[in-house]
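Here is what each chain is made of, one letter per residue.
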Number of protein chains: 2
Amino acid sequence: MPNNRFVVGKEARKESAEDFVRGRARYVCDLGFPKMLVGKLLYTKHPFARIRRIDTSRAKAIPGVVTILTYEDIPGENSYLHIIPDQPLLCSDIVRYQGDAVACLAAETEEAAQAGLEAIDVEYEPLVGVFDPLKALEPGAPQIWPDRSNLLDKLVIESGDITSGFNEADVVIENTYQTQLVEHAFLETEEAIAVIDPLTGRIIIYTSSQWPYQDRLQIARALGVQQNMVQVIIPAVGGAFGGKVEAHVQIHAALLAHASGRPVKIVRTREESILTHVKRHPAIAYYKMGAKYNGKLTAVDVKLFLDTGPYANAGLGVFAAMGDTVSGPYNVPNARLESNLVMTNNPISGAMRGYGITQASFFYEAQMEALAYELKIDPVELRLINGLETGNKVPSGSVIREGLPMKACIREAAKQAGWNSRKNMERQPSPHLRRGMGIAATWHTVGLGRVMADHASATLEMGTDGSVVLKTGAVELGQGSHTALTQLAAEALGVPLSTVRVSGLDTDITPDAITTEASRQTYVSGHAVLRAAQPITDSLLTTAGEITGFPKETLSFHDGFLYREGERLNVTIPEVSAKTFERNRQLIATGFYALEYTGKYAEEDYIFNREVFIFSCDIATVLVDIETGEIKVEEIVSIHWPGTVVNPKAARGQVTGGTTMGFGYSTMEQLIVNNGHTENLTLDKYLIPTVNDIPRIKVGFIETPEPLGPMGANGLGEAPVNPVAPSIRNAVWDAIGVPINDLPLSPEKILEAIKKYND
Amino acid sequence: MPNNRFVVGKEARKESAEDFVRGRARYVCDLGFPKMLVGKLLYTKHPFARIRRIDTSRAKAIPGVVTILTYEDIPGENSYLHIIPDQPLLCSDIVRYQGDAVACLAAETEEAAQAGLEAIDVEYEPLVGVFDPLKALEPGAPQIWPDRSNLLDKLVIESGDITSGFNEADVVIENTYQTQLVEHAFLETEEAIAVIDPLTGRIIIYTSSQWPYQDRLQIARALGVQQNMVQVIIPAVGGAFGGKVEAHVQIHAALLAHASGRPVKIVRTREESILTHVKRHPAIAYYKMGAKYNGKLTAVDVKLFLDTGPYANAGLGVFAAMGDTVSGPYNVPNARLESNLVMTNNPISGAMRGYGITQASFFYEAQMEALAYELKIDPVELRLINGLETGNKVPSGSVIREGLPMKACIREAAKQAGWNSRKNMERQPSPHLRRGMGIAATWHTVGLGRVMADHASATLEMGTDGSVVLKTGAVELGQGSHTALTQLAAEALGVPLSTVRVSGLDTDITPDAITTEASRQTYVSGHAVLRAAQPITDSLLTTAGEITGFPKETLSFHDGFLYREGERLNVTIPEVSAKTFERNRQLIATGFYALEYTGKYAEEDYIFNREVFIFSCDIATVLVDIETGEIKVEEIVSIHWPGTVVNPKAARGQVTGGTTMGFGYSTMEQLIVNNGHTENLTLDKYLIPTVNDIPRIKVGFIETPEPLGPMGANGLGEAPVNPVAPSIRNAVWDAIGVPINDLPLSPEKILEAIKKYND
């Protein structure tokens, strides 16, 4: 076989790209069924209140209103969300944030549905809520739940001995940082259609989701039916970014379809979307760091407080990931990393691209910058001094199995950004403008952590003409995972990319790959695909050996042809596949892969160990207008370690998209919530970057293979978000001479900082 | 674990039974799509002719006609049918039987489609055809194909030495037998809807078929696309019986949808159905049999001539199966079995329940009866004397691995029919009525024969709640194979039957199980299901071992619970499955099974060896009206060996249905074809039994396990057809004293036989 790969590592066009670009892709909102009803939920808008009475009689009398459901009408369990399903589908006694639902209905028309909602009479007794995570932990604070502490969970990771670590330190830096509540702002709001199959009674859900099998589970639980009576189909998804990990309206659609016997469609308005769905956690970090004069870190002590709103959801994962990674991609001999997950009556926070590690990145890279200033060590140099190396053990107990890329990312970013010649940079191009450059080196992890189920199945089927169907439960969210998995399948089977078709996502068709988050699908489903390919390749090679008379071991397939020891034979895949079928050999297989943990962990080791790391480094160049406080980010050099790059086009797309998202997070995005009331519920008030705002992004990759990755591939998807905010923040500090410790870097904050500096 | 089975062997209700009975089942004709067109084919009606010119211009001008296709418009290959795809989809130069198509069209309405068909001008030059298989083989006979002999294929199976066999014989019986052309007469005619997915360009076909993956292959070939661009979905099927093995209108529907860009539905009328689709081969047998005075067979010499019409199709399989089995389930030391497959301009014959073995059964059991008369040996006794036993080698080279059921079937039938007290039977209950009793012992085979691909994949998926989805490409044709496979899955996994759901048949969902014919799916797909269950059970037991602390080897699952050495523990499948998922163990698997051949075959052994046999015995009691020639079949005792009976209800259904079909074949069914023109194209002219005609059927089973079958199960589906005609024919002989050697046993033939006897 030629040693070179013929698909993996080559530019591959996403099959559906043109449909998306030309507006032909069909989202849930584009689908319809005969006799379909309009479904809507009544969201309380009260941050915290007791329900005295729900009266639907007026609403039921409105012409066109077909079905109204309250908590009493749920056949199964009245709770949802994953990890701990503690949010009521329809509240019965207490509402705990503005997005809690108290009723849902289905009507013949949008107008009837709206009129119905308005005619549902709910009598509330408002309760005194709590809207600050630190206040929520004070004695006597209002309790969100009668039987649960406002401190939902607390994790402490300790390694080494911080007391002696700080004693050793020549300098100790201590700061408080804060990040804001932000919104995924996916283009497609949450939506679902539920249809009951009249023959089988099965419930078919079309929805926009990152976790179809979790949806299946939760819908089955709410309806009190077996999971195999529920089918979840995911058409085109218009962005997710973690915001579609939790079920949103699909369970309510199922309940309404079940009750009415008719198809029901629910599409959240933008206001409803922003009001209800989980956000990126706002977090506070008390960060103390000790180091020697030579720059070597001696100790890190961090206390984190995350406001998760009133329901647990992915917060339990996010706060662990934040705590896990808040010492940064650095060799920290002594650490105490405390993470507190606090409930309030604010919007729920949960999974969002970066999953807590984005906030952590801001904290440790702001802190590293402060240390560089304090020690007068070049910021790049300081990060190289402390950067993780192969074999280093991180505070959570995991061991770095490939450390080279950490420093390689930094060096490549410094090279591409011209870091060493930055003294020649024009720092004041005009009287009111100040230019600065800032670095951030970050890490990310792949997968869900050692205590979570983290596996995937994938099925490959080869036809007698050699064409292949790939069935994967990994959801194509726009990130290109279907293309990457198709490439791995083609490469493993030795068939041209064009002969592999990936099936649509449908729990009846595609095997479970758990959730499409945590940058895990290329890695985990990638392995499942390779494992599915093995028995098929074995079948084909046995047949090829029989046909040619050559020993099977000397044969392989490459780009549709049979090869013998590097030499192409005049035998094609379709010829061999047809004969393989005739000779009764398997041409279909399901591969299963569970993320492997090779480390030896002691009982006391922190259970959330992660072993697959992605390293990243951004260098941002900014221009600050000291009169208006506005920042123009001129360039971001963004270097990452995705291991083997499966599809360079998609990888660049991920970095560009993630960097843009990080840019919005850094400079403009913030959900304004006052006493639990969200004020900017539309995208003209909640600002995200437009194409005119986006900086020049220079993307680069370190392609050292990830030792255990599929064909050397690593994850990538979330990593690009992490270094953006700290690199811009550090560049602004470089430009204006004063650090800003909370996000976003709004003009007001910058002006205030400049004012403080000049005072 | 309790040793008793809790699902397999118990009455199980077919999931869809109520839908069928209540008329709720949705067939293809019940489905519709927006903008769907009506498709129709122009069948030539000429038995043999040259096409001079096809002019569609008048037809194209008819309002509502959207698309007309002729042979020039087929993007891929213009041929179909399996084994040898020699029938043109649309003929270009020659039509070879009345059912050949020359054009197809799609129109807005039924009326426009009909008007369009009538306006297609085809100019023919009639050719002199050949309509008798023996004449077709004469020198100078018209040739159906310029480059192929009318003798399409000839097979000779020789074992021992027939010359010495006949020399040893004390008696030699020689007769000529003939069977007629019959029709499947499924309730649902052939139909298909083709829809092009506007986004992907994929072709989705809804059709009624026994072999969805073969349809996929043929549609892909006709359209010139990859197989993975075609999806075949099988809704409810209204009977098939072999008549839906070959593609019928699904390729034409696909071509029309492809050309028009709109959904196209084609439903054959009953006339079109009878005119076009393959039938049961009419066959002629020259049968010579030698035996000792003690009844022992010494030699069999048979020459078979099958009229297969002008296209090969399954005829190549049918004539081999007929030749293979025409010596009957008897130990024949010397045999020469010659089978000739002849082309004519009559309707095509191909697969039909019994697949050539039905005709063979009539031949050898008529012959055995003649031998019994000749030797004055009791017919039951004669069959017991010669019946196959374990270890016997049959002429084709296969060895009987479980022979006991052969004679057990005969003994049980004799017992249930009261054979030994038949001398007390009232032979002349009134002056014009004569009663008789006849036996036939037959065999059948399971699977497609050693040279054909004969395998299946099946997928099992267990949810975290322990509910299971079974995905099988075996088609539910009414025979209950889905129920049987569900039972095997439930038994193997140890879960209640109600928790297993079988998915709909859809090539995008269900893995390939090849064709649902040859009584093979319980056996082959049954094994695939058991193999799919193995890794899942292994995962569950590993987890159960961890949970309980008991050694895995001592544990098993039974009816939803965990058992330890026969004792039920308080641990359920849902508990174990949820934990198994969390612990990263596989809960989905695809099993693959290929029919195994354990025999040692020499080069000269006949390649179609079959190793899995089903034995059957019918005893019929008839009352013949010697004035009208009418037969009343009073009772048929029908005993079979299905190995382990998976679902007694479905097994009885198969026997009752097959016996009824055999009853129609025996007494009334016959397609009248004169010089290639079929005369009885409707069910008021082609008579099949009504509920009033059907005899009392006493069903019995010999449940000796089939040694290599899944949980001991054997095939069953076709076997019940085989003994019906010879047992009725032998009973009529017993009643009227004269044998009739061709089917059906019509009043005319009976009167003629009585007349001849009395002359």
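Before reading further, recall that the structure is shown in the block above.
The numbers attached to residues start from 1 for each chain and follow its sequence in the written order. Whichever chain is written first is A, and whichever ligand is written first is 1; the rest continue in order. Local features in this predicted model are restricted to residues whose pLDDT is 70 or higher, and side-chain atom pairs enter the listing and the counts only when it is 80 or higher, whereas totals over whole chains, interfaces and linings include all residues. By convention in this description, side-chain values take in all heavy atoms of the structure and omit both hydrogens and water.

K.L.:
What should I look at first to understand the overall build of chain A in this one?
P.N.:
A tally of regular secondary structure across chain A gives 18 helices and 29 strands. Note on method: radius of gyration uses C-alpha positions; expected globular size equals 2.2 Å times residues raised to 0.38. For chain A, whose C-alpha radius of gyration is 27 Å, the value lies close to the compact-globule estimate of 27 Å for 759 residues. Taken along its principal axes, the extent of the C-alpha atoms in chain A is 85 × 75 × 55 Å. When a residue's accessible area, from a 1.4 Å probe over protein chains only, is under 20% of the maximum for its type it is buried; when over 50% it is exposed; and in between it is partly exposed. Across the 759 residues that make up chain A, the buried fraction comes to 67%. Note on areas: Shrake-Rupley with a 1.4 Å probe; residue coverage comes only from the protein chains shown. Of the roughly 25600 Å² of accessible surface on chain A, 50% is carried by carbon and sulfur atoms. Counting rule applied: Lys, Arg positive; Asp, Glu negative; His and chain ends not counted. Think of each charge as sitting on NZ of Lys, CZ of Arg, CG of Asp or CD of Glu. A gap of 3 Å separates the mean positions of the 70 positive and 90 negative side-chain charges of chain A. Each helix is a run of H or I in the DSSP string that is no shorter than four residues. Each strand is a run of E no shorter than two, and both are numbered from the N terminus.

K.L.:
Hey, could you run me through the pairing of strand β11 (residues 230–234) of chain B in this one?
P.N.:
A regular strand places its side chains on the two faces of the sheet in alternate fashion. Residue and element names in this part refer to chain B. In terms of burial, β11 is a largely internal element, five of the five residues being buried. Going residue by residue along β11, you find V230, V232 and I234 tucked away on one face and Q231 and I233 tucked away on the opposite face as well. Where strand β10 (residues 203–207) and β11 come together, four bridges link them in parallel fashion. Bridge pairing in β11 places I205 opposite V232. Strands are labelled as partners when DSSP assigns at least two bridges between them.

K.L.:
I tried to follow helix α12 (residues 404–417) of chain A on my own but got confused; where do I start?
P.N.:
Spacing of three or four residues puts side chains on the same side of an α-helix, whose turn is 3.6 residues. Residue and element names in this part refer to chain A. Between the first and last C-alpha of α12 there are 20 Å, a value that for 14 residues agrees with the 20 Å anticipated at 1.5 Å per step. Looking only at α12, the buried set comprises P405, M406, K407, C409, I410, A413, A414 and A417. On its buried face, α12 is in contact with α11 (379–386), β16 (433–445), β25 (613–625) and β26 (631–640). The first or second residue beyond α12 is G418, which carries a positive phi of 70°. Here the expected length of a helix is defined as 1.5 Å per residue gap, with one fewer gap than residues. Any two residues having at least one pair of non-hydrogen atoms within 4.5 Å are treated as being in contact.

K.L.:
Quick question: what am I supposed to make of the side chain of H252(B) here?
P.N.:
Residues and elements named next belong to chain B. Along the polypeptide, H252 turns up in helix α7 (residues 250–260). In terms of polar contacts, H252 uses its side chain to reach the backbone carbonyl oxygen of H248, at 3.5 Å. Contact partners of H252, with chain neighbours within four places excluded, come to L41, Y80, L89, L90, C104 and I266. Polar contacts, as used here, are pairs of N or O atoms within 3.5 Å; protein pairs need one atom able to donate a hydrogen and one able to accept it. Residues neighboring in sequence count only if both atoms are side-chain atoms.

K.L.:
Help me understand the relation of the copies chain A and chain B, please; the structure alone is not making it clear to me.
P.N.:
Related by rotation about an axis and a shift along that axis, the two copies of the chain form a pair. Once turned by 180° and shifted 0.0 Å along the axis, chain A lies on chain B with an RMSD of 0.1 Å. Taken together, these values place the two copies in the relation of a two-fold axis. Closest approach to the rotation axis among the C-alpha atoms of chain A is made by I509(A), whose C-alpha sits 2.4 Å away. With an isologous cut-off of 70% or more, the 100% of interface residues of chain A that recur at the interface of chain B puts this contact in the isologous class. Copies are brought into register by a least-squares superposition over C-alpha atoms of residues with pLDDT of at least 70 in both.

K.L.:
Even after reading the chapter, I still don't get the sheet that holds strand β19 (residues 500–502) of chain B, so can you show me in this structure?
P.N.:
What holds strands together in a sheet is hydrogen bonding between their backbones, with the strands either parallel or antiparallel. Residue and element names in this part refer to chain B. Across the sheet, which stays open at both edges, the four strands sit in the order β19-β18-β17-β24 with mixed pairing between neighbours. The sheet terminates laterally at β19 and β24 (588–594), the two strands that pair on one side only. Neighbouring strand axes in the sheet, compared pairwise and without regard to direction, differ in orientation by 20° on average. Where strand β17 (residues 455–462) meets strand β18 (residues 468–472), five bridges bridge the pair, whose relative direction is antiparallel. Pairing of T459 across the sheet is with K471, part of β18. As a rule, the C-alpha atoms of each element are fitted with a line to give its axis, helices using only the stretch in contact, and angles between N-to-C directions run from 0 to 180 degrees.

K.L.:
Just checking my understanding: could you explain the interface of chain A and chain B for this structure?
P.N.:
Each partner contributes residues to the interface: chain A has 48 residues there, and chain B has 48 residues. Buried area adds together the accessible area that both of two parts lose upon being put together, with accessible area traced by a 1.4 Å probe. For the chain A and chain B pair, buried surface summed over both sides reaches about 3800 Å², with 48% attributable to carbon and sulfur atoms. Three residues stand out in chain A for area buried against chain B, namely L199(A), R501(A) and N584(A), and they jointly supply 17% of the buried area on that side. In what follows, salt bridge is the name for a side-chain nitrogen of Lys or Arg lying within 4 Å of a carboxyl oxygen of Asp or Glu. At the junction of chain A with chain B, the criterion picks out four salt bridges. Residues D197(B) and R26(A) are paired through a salt bridge, measuring 3.5 Å at the closest nitrogen-oxygen approach. At the boundary of chain A and chain B, one finds 25 residue pairs in polar contact (both at pLDDT 80 or more). Elements supplying a minimum of two residues to the side of chain A that touches chain B: α6 (212–223), β17 (455–462), β18 (468–472), β19 (500–502), α15 (573–582) and β24 (588–594) of chain A. By residue number, the principal contributor to the side of chain A that touches chain B is β24(A), which donates four residues. Residues that form the side of chain A that touches chain B fall into these classes: 19 nonpolar, 14 polar and 15 charged. All residues other than Ala, Val, Leu, Ile, Met, Phe, Trp, Tyr, Cys, Pro, Asp, Glu, Lys and Arg, Gly among them, are scored as polar; the first ten of these are nonpolar and the last four charged.

K.L.:
I'm lost on the nonpolar core in this one. Help?
P.N.:
The tendency in soluble globular proteins is for nonpolar side chains to be buried side by side. Residues belong to a common nonpolar core when they are buried Ala, Val, Leu, Ile, Met, Phe, Trp, Tyr or Cys residues joined through side-chain atoms within 4.5 Å. In terms of nonpolar packing, the biggest core is built from 210 residues, with L460(A), F363(B), I728(B), V732(B) and I736(B) touching the most fellow members. With sequence-adjacent residues up to four places away left out, I736(B) is seen in contact with V624(B), I626(B), I750(B), A753(B), I754(B) and Y757(B). Within the second largest apolar cluster, 209 residues are counted, among which are L90(A), L181(A), A220(A) and V624(A).

K.L.:
How should the packing of helix α16 (residues 648–667) of chain B against helix α17 (residues 724–736) of chain B be read in this particular structure?
P.N.:
The packing of two helices is summarised by the inter-axis angle and the distance between the axes. Residues and elements named next belong to chain B. Interhelical geometry of α16 versus α17 gives an angle of 50° and a closest axis separation of 8 Å. Taken together, α16 and α17 sit at an angle that is classed as oblique. At the point where α16 passes α17, the crossing takes the right-handed sense. Contacts between α16 and α17 pair G658, T659, G662, F663, Y665, S666 and T667 from the former with V724, A725 and I728 from the latter. Of the residues belonging to the contact of α16 with α17, the class tally is five nonpolar, five polar and no charged. Here the angle decides the label: under 35 degrees means roughly parallel, over 145 means roughly antiparallel, 65 to 115 means roughly perpendicular, and every other value means oblique. The crossing is said to be left-handed when, going from far helix to near helix, the turn is anticlockwise and less than a right angle, and right-handed when the turn is clockwise.

K.L.:
Please clarify how the pattern of salt bridges should be interpreted in this entry.
P.N.:
Scanning the entire structure with this criterion turns up 81 salt bridges over all chains. Put simply, D55(B) and R53(B) hold a salt bridge, and the shortest N to O gap is 3.3 Å. Residue classification places D55(B) among the partly exposed residues on the basis of a relative accessible area of 23%. A residue is classified by how much of its surface remains accessible, and R53(B), at 39% relative accessible area, is partly exposed. By sharing partners, the salt bridges in this structure join R13(A), E18(A), D19(A), R22(A) and R24(A) into a single network.

K.L.:
For this particular structure, what's the right way to read helix α3 (residues 110–118) of chain B?
P.N.:
All names here are of chain B. Within α3, the full set of buried residues consists of A112, A113, G116 and L117. Along the long axis of α3, the arc covered by the buried residues comes to 135°, so they all point the same way. Exposed positions of α3 whose direction lies more than 90 degrees from the buried face are E111 and E118. In this structure, the buried side of α3 is in contact with β1 (37–43), α2 (57–60), β3 (65–69) and β5 (101–107). The reported arc concerns the directions from the helix axis to the C-beta atoms and nothing else.

K.L.:
Teacher, can you tell me more about the environment of D215(A) here?
P.N.:
Residues and elements named next belong to chain A. Among the secondary structure elements, D215 is positioned in helix α6. You can call D215 buried: its relative accessible area is 1%. It is 33 Å that separates the C-alpha atoms of D215 and G599, two residues lying 384 residues apart in sequence. In this view, D215 contacts T207, S209, V232, A247 and Q250; residues no more than four positions away in its chain are not counted.

Everything listed is a geometric property; what it means functionally is a separate question.
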